[in-house]
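# Inside the fold
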Amino acid sequence: MKIRSITPGKTQAFIQCLGFKEMHGQVLLVDQEGRARVFYELEADPDHSHFQPDAAYAHLLNGLQPGSTVRFLKFYWPNAAPRREFVRQMTAWQSNLQKRRPELQRGLEQFLASAPLPYFGRTLLECVVESVESQAWIDTVPALLLEFGIEARRLPPDEVQSLALTIFHPELG
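In this report, we go over the structure that sits alongside the text. (Residues numbered from 1 in each chain as written. Predicted model: local features only at pLDDT ≥ 70, side-chain atom pairs only at ≥ 80, totals over all residues. Heavy atoms only, no water.)

Helix and strand counts for the protein chain come out as seven helices and six strands. When the helices and strands of the protein chain are placed in sequence order, the string is α-β-β-β-α-β-α-α-β-α-α-β-α. Long-range contacts, defined here as pairs at least 24 residues apart, represent 72% of the contacts in the protein chain between residues at least 6 apart. Of the roughly 11,100 Å² that the protein chain leaves accessible, carbon and sulfur atoms contribute 55%. (Helix = DSSP H or I, 4+ residues; strand = E, 2+ residues; numbered from the N terminus. Contact = heavy atoms within 4.5 Å. Areas by Shrake-Rupley, 256 points an atom, 1.4 Å probe, with all protein chains shown as cover.)

All right, on to the pattern of salt bridges then. Overall, the coordinates contain nine salt bridges when judged by the stated rule. Its salt-bridge partner being Glu130, residue Arg35 comes within 3.5 Å of it at the nearest N-O pair. In this pair, Arg35 is assigned in the loop between strand S2 (26-30) and strand S3 (36-44) and Glu130 in the loop between strand S5 (119-129) and helix H5 (132-139), connecting sequence segments 95 residues apart. Arg35 sits in the buried class, given a relative accessible area of 15%. Salt bridges sharing common partners tie together Glu41, Arg122, Arg153 and Glu159. (Salt bridge = Lys/Arg side-chain N within 4 Å of Asp/Glu carboxyl O. Buried < 20%, exposed > 50% of the residue type's maximum accessible area, 1.4 Å probe, protein only.)

The final tally for this structure, using the stated rule, is one aromatic pair. Each ring, one from Tyr57 and one from Phe72, has its centre 5.4 Å from the other, and the planes form 50 degrees; the classification is tilted. Taken together, the positions of Tyr57 in helix H2 (residues 53-62) and Phe72 in strand S4 (residues 69-78) put the pair 15 residues apart, joining distant regions of the chain. Judged by relative accessible area, Phe72 falls into the partly exposed class, the value being 35%. (Phe/Tyr/Trp six-rings, centres within 6.5 Å; stacked < 30°, edge-to-face > 60°.)

The values reported here are purely geometric and, on their own, carry no functional implication.
Set out below in structure tokens:
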């Protein structure tokens, strides 16, 4: 078996990909070496009665096929959605606010103009499809994690492309 050298954190394979192709009955991202990549977004439910992230991680890695490659990715970037929603709601009360509390309105406007956007995080699992066996294992990831209170949602091609734009070119994402 050939053992590849993997550089942690290397994103070159992600941005120099060959695009999306139908492989194994699914549309997958293909890297420059011709290997397919699958991305899952992971969301934890801390209210789940069996929420155990450590056990989920161990269970996931115990089932990993020899020679398979997985990478956990954690991204944080500004999220303008809560700010936009607050401004939308604030405009609904502006007429009452201007009459009764003009200083409150000025304070809110100053805050919105000067405060940074809130950040939100996304946790992703990237899996490289090495073989039919690894594809079968990758397809079981959502079920493996669900029993521990973690939902895994496979990212469709348009979301993978949007993710790449957001990560590497935030102004385009």
